[in-house]
Amino acid sequence: MSDTKFTKDHEYVRLDGDMATVGITDHAQSQLGDVVYVGLPEIGKAVTQGGEAAVVESVKAASDVFAPVSGEVVAVNGELEGAPSTVNEDPLGKGWFLKIKVKDKAEFDALMSEAEYQEYLKTLS
Amino acid sequence: MAETTAESSAEQPATEAPGAAAEPALKTTPLHGAHVALGARMVPFAGYEMPVQYPTGVLAEHLHTRASAGLFDVSHMGQAFLMGGDHATTAKALETLVPADILNLAPGRQRYTQLLNEEGGILDDLMVTRSVEEAEDGVLMLIVNAACKDQDFAHIAARLPQGVRLMRADHRALVALQGPKAAEVLARHCEGVNEMPFMSARQTSFDGLACHVSRSGYTGEDGYEISIKSAHAVAIWSALLRDGAVKPIGLGARDSLRLEAGLCLYGHDIDTTTSPVEAALTWSVQKRRREEGGFPGAERVKRELAEGPSRKRVGILPDGKAPAREGTEIQAKDGRKIGTVTSGGFGPSLGGPLAMGYVEASFAALGTELDLLVRGKQLPAKVAAMPFVANRYFRPPAGSAS
C-alpha cells in the first residue's frame with residue numbers, strides 16, 4: 001500500500017514501506033516545458049529534506065529538484081539520461097527521478113496530500 | 001529573451017507573466033490578441049508582453065522552423081528611417097556611428113552592423129537597409145533591438161548633421177517567416193520574393209497590402225522579415241498561419257534557433273564592454289572602414305585587428321549532456337578561470353548542449369579543451385566552430401543577382 005505526498009516546490013514522493021520514490025509533479029513538468037536534461041545524484045548520497053537532490057533542465061531553464069524527505073539515495077532512474085522527455089510524458093510514473101531510503105517517516109507525514117496540493121496550486125494562479 | 005526564459009522556473013504560474021506586477025505598463029504589439037487567442041504563454045520582454053511559447057512548446061516550435069516555416073512576431077523591435085538628401089549624405093552620417101561600409105551598400109541591399117561607443121564597445125547591433133527605390137535615394141531603414149531602441153534612436157538623432165534626420169517607424173509591425181518553406185509560402189502572397197538573394201530587400205505588397213520585405217532573419221534558416229503598417233499586421237499574420245506549413249514560434253525557440261546559428265544576443269553575447277573584434281564580428285567591418293576609421297572606437301578596433309584582441313567570443317560544445325547556462329565559469333584544464341559563458345543551453349536540432357562565451361585569446365582555437373564549472377563540477381568541453389547548425393541562407397548563383 002503506497003501513499004503519495006507533495007511539496008510546495010512541486011516534487012512528489014510516493015512511500016512504500018521505508019522506500020520513497022521522488023519525482024516532479026505534472027504541474028512542474030508543464031511549467032518547465034520540454035525537459036532536455038536530468039542530472040541525478042550518486043547512489044549512496046545522503047540527502048536532507050529541502051536540500052538539492054537532482055537537477056532538471058528544459059530548453060529554457062535549469063531547476064533544482066529538492067529532496068522531499070531526508071535519507072539515503074538508493075536508486076536513480078538511469079533511463080532519464082537517454083530519454084529526459086519521459087519526465088514530460090509520464091512524470092508520476094516512468095519519469096521518476098530517484099528513490100530514497102527514508103530516515104524519519106514524520107517528515108513524509110507532514111507533507112501535503114494530493115487534495116492539499118491541488119488547493120495549493122489554485123493559490124498560485 | 002534569455003532574461004525571461006532562463007529565469008522562469010517551475011514555481012511560476014503559467015497564466016501570469018512573472019514580474020509583470022513590477023512592470024505596470026507593459027506595451028503590446030498589434031499581434032498581442034492573436035498570441036493570446038493561440039494560447040501563447042505571455043511574458044515580459046524588453047518592456048513588452050510577448051509570447052515565449054505556444055502550446056506546442058519550445059522544442060516542437062524550434063524543430064518546426066528548421067523543417068518547414070515558423071512565424072515570429074518581432075514587432076517589439078525598433079524600426080526607423082534615416083533620411084538625407086542623397087545616399088552619400090545619409091551613409092556618411094551613419095558611418096560616423098557604425099563600423100560598416102554603408103557608402104558602398106547597393107540599393108536594395110542590407111548589412112549587419114553595430115552602434116559603437118567611443119571606447120569601441122557595442123551599444124547595440126542593427127540591420128541597415130538601403131532603399132531600392134530611386135525616389136527614396138538617401139533613405140536607410142534601421143532595425144534595432146527592442147530593449148535598446150529608445151537609447152539607440154536618441155543616440156543617433158543627437159549625432160546627425162544638418163540635413164539628415166531620423167524618423168521612428170513605431171506605427172509599423174514586423175513579422176519574420178523563417179525556415180526552408182518560407183520562400184514558397186511567402187511567394188504565394190508577395191510575388192517574386194523567392195528570387196530575392198539573402199540580405200536584400202524590396203518594397204512589395206502582401207495580398208495587395210504595401211509592405212517592406214527583406215530576406216534575412218535570426219534563425220540561420222532561409223527566410224524573411226516583413227515590415228508592415230500596424231493596422232495590417234493581423235491580416236498578414238493570419239494569412240500566413242492559414243498555410244499548413246506555417247506555425248507560430250515564440251521567443252523561447254527564437255533564442256535556441258539563434259544560438260544554434262551562432263548569432264549574438266545583445267546584452268548577453270555583446271554589450272558596451274565588448275568590441276566587434278572580441279565578439280568575432282570583424283567580418284561586419286569592411287576593408288575600407290578598417291583602413292579609414294572614422295567611427296567611434298576606431299583606434300581600439302584597429303589595434304585589436306593588428307595585435308589580436310585579449311579575449312574572443314567562441315562556440316563551445318560540452319562533451320556531456322548537461323547544458324551550461326549564461327554566467328557559467330570557463331576554466332583552463334589547470335583550473336584557472338579564462339572566461340565566461342554568455343549564452344548556453346540545449347540545441348534541439350543539434351540534439352545536445354551548446355554555448356558561446358568569451359575566453360582568453362590563447363584558448364580560442366578550435367578544438368581547445370576547456371572545463372565548464374556547472375554546479376561546482378568541472379564539465380569537459382571544447383571550443384567549436386559556429387554556426388553549430390549549418391546556415392541555409394539563399395544565395396543565388398553568381399551573376400543572377402548582385
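No experiment lies behind these values; they were computed from the predicted model shown. (Residues numbered from 1 in each chain as written. Chains lettered and ligands numbered in written order. Predicted model: local features only at pLDDT ≥ 70, side-chain atom pairs only at ≥ 80, totals over all residues.)

## Remarks on the overall build of chain A
The condition is simple: Under the scheme used here, helices are H or I runs from DSSP no shorter than 4 residues and strands are E runs no shorter than 2 residues, and both carry numbers assigned from the N terminus. Put simply, the radius of gyration uses C-alpha atoms, and a globule should come to 2.2 Å times the residue count raised to 0.38.
When you go through chain A residue by residue, the secondary structure sums to 5 helices and 9 strands. The secondary structure elements of chain A, listed N-terminal to C-terminal, are β-β-β-α-β-β-β-β-β-α-α-β-α-α. Its C-alpha radius of gyration of 13 Å places chain A within 12% of the 14 Å reference for a compact globule of 125 residues. Overall, chain A is about 35 × 35 × 25 Å in size when its C-alpha atoms are taken along their principal axes.

## Points about the overall build of chain B
Cut-off, in case you're wondering: Here the C-beta atoms are placed from the backbone, and a residue counts as buried if at least 20 other C-beta atoms lie within 10 Å of its own, exposed if 12 or fewer do, and partly exposed otherwise. Here contacts are defined at the residue level, using C-beta atoms placed from the backbone and a cut-off of 7 Å between them.
Along the backbone of chain B there are 10 helices and 19 strands. Whereas a compact globule of 402 residues would reach a radius of gyration of roughly 21 Å, chain B reaches 21 Å, a difference of no more than 12%. Judged by the C-alpha coordinates and their principal axes, chain B covers about 60 × 50 × 45 Å. Residue burial in chain B is summarised as follows: out of 402 residues, 51% are buried. Contacts spanning at least 24 positions in sequence make up 67% of the contacts within chain B whose residues lie at least 6 apart.

## Notes on the pairing of strand 3 (residues 19-24) of chain A
Residues and elements named next belong to chain A. Formally: Pairing between strands is defined by DSSP: at least two bridges between the two strands are required.
Of all 6 residues making up strand 3, 5 are buried, and the element is well covered by its neighbours. Bridging between strand 2 (residues 11-16) and strand 3 involves 6 bridges; their strand directions are antiparallel. The partner of leucine 15 across the bridge, within strand 3, is alanine 20. As paired strands, strand 3 and strand 9 (residues 98-102) are joined by 4 bridges and run antiparallel to one another. When the sheet's bridge partners are listed, threonine 21 is paired in strand 9 with lysine 99.

## Here we look at the environment of Arg159(B)
Residue and element names in this part refer to chain B. Counting through the fold element by element, arginine 159 comes out in the loop between helix 5 (149-157) and strand 8 (165-168). When the C-alpha atoms of arginine 159 and leucine 94 are compared, they prove to be 9.1 Å apart, with 65 residues separating the residues in sequence. Once residues lying within four places of it in the same chain are set aside, the contact partners of arginine 159 are Thr96 and Leu97.

## As for the sheet that holds strand 19 (residues 377-384) of chain B
All names here are of chain B. Selection rule: Only the stretch in contact is used when fitting a helix axis, every axis being a line fitted to C-alpha atoms; angles between N-to-C directions are given from 0 to 180 degrees.
Spatial strand order, 14-17-16-15-18-19: 6 strands in a closed barrel with antiparallel pairing. Going from strand to strand, the sheet's axes swing by 40 degrees on average, the running direction of each strand aside. Across 6 bridges, the pairing between strand 18 (residues 369-374) and strand 19 is antiparallel. Considered in strand 19, the bridge of leucine 370 is made with alanine 381. Strand contacts of helix 8 (residues 251-260): strand 16 (337-347) and strand 17 (352-360), with the helix running at about 125 degrees to strand 16, the strand carrying the most contacts.

## Topic: the nonpolar core
Applicable threshold: What makes a nonpolar core is a set of buried Ala, Val, Leu, Ile, Met, Phe, Trp, Tyr and Cys residues, with links drawn between C-beta atoms within 7 Å.
One finds Val175(B) and Leu177(B) to be the most contacted residues of the largest nonpolar core, which totals 140 residues. When near neighbours in sequence (up to four residues on either side) are disregarded, Leu177(B) contacts Ala69(B), Leu71(B), Ala182(B), Val185(B), Leu186(B), Gly223(B), Tyr224(B), Ile226(B) and Leu240(B).

## So, unusual backbone geometry
Residues and elements named next belong to chain B. With an omega dihedral of 0 degrees, the bond running from methionine 386 to proline 387 counts as a cis peptide bond. Position of proline 387 among the secondary structure elements: in the segment after strand 19. Even without a glycine there, the phi angle at alanine 46 is positive, about 50 degrees. With respect to the element layout, alanine 46 can be found in the loop between strand 1 (41-45) and strand 2 (48-53). A positive phi is found at alanine 280, a non-glycine position, where the angle reads about 60 degrees. With respect to the secondary-structure elements, alanine 280 resides in the loop between helix 8 and helix 9 (287-292).

## Description of the packing of helix 3 (residues 58-67) of chain B against helix 8 of chain B
All names here are of chain B. Let me state the cut-off plainly: For classification purposes, an angle smaller than 35 degrees is called roughly parallel, one larger than 145 roughly antiparallel, one from 65 to 115 roughly perpendicular, and anything else oblique. Crossing chirality is assigned from the near helix's rotation relative to the far helix, an anticlockwise turn below a right angle marking it left-handed and a clockwise turn marking it right-handed. Classification convention: Asp, Glu, Lys, Arg as charged; Ala, Val, Leu, Ile, Met, Phe, Trp, Tyr, Cys, Pro as nonpolar; all other residues, Gly among them, as polar.
Contact geometry for helix 3 and helix 8: axes closest at 8 Å, N-to-C directions at 55 degrees. When the interaxial angle is binned, helix 3 and helix 8 end up oblique. The handedness of the crossing between helix 3 and helix 8 comes out as right-handed. Of the residues in helix 8, those in contact with Val58, Glu61, His62 and Thr65 of helix 3 are Gly252, Ala253, Ser256 and Leu257. Residue composition of the contact of helix 3 with helix 8, by class: 3 nonpolar, 4 polar and 1 charged.

## Some details on the confidence of the model for chain B
Detailed reading of predicted coordinates is not advised where the pLDDT is low. Residue and element names in this part refer to chain B. Heads up, the condition is: How sure the predictor is of each residue is captured by pLDDT, a score from 0 to 100.
Of all residues in chain B, 93% attain a pLDDT of 70 or more, and the chain-wide mean is 93. Segment residues 1-21 is flagged for pLDDT under 50; beyond a separation of four residues in sequence, or across chains, it makes 50 contacts in the model. Interface predicted TM-score (ipTM) for the complex: 0.86; the corresponding pTM is 0.91.

## Considerations on helix 4 (residues 87-95) of chain B
Our working definition: Working note: the arc is built from the helix axis to C-beta atom directions.
Residues of helix 4 of chain B that are buried include every one of His87(B), Thr90(B), Ala91(B), Ala93(B) and Leu94(B), and no others. The arc enclosing the buried residues of helix 4 of chain B, seen along the axis, measures out at 160 degrees, which places them on a common side.

## Comments concerning the sheet that holds strand 1 (residues 3-6) of chain A
All names here are of chain A. Reading across the sheet, the 6 strands line up as 1-2-3-9-8-5 and stay open at both edges, with antiparallel pairing between neighbours. At either end of the open sheet lies a strand with only one pairing partner, and these are strand 1 and strand 5 (46-47). Direction of pairing for strand 5 relative to strand 8 (residues 71-76): antiparallel, over a ladder of 2 bridges. Note on strand 8: the bridge partner recorded for alanine 46 is glutamate 72.

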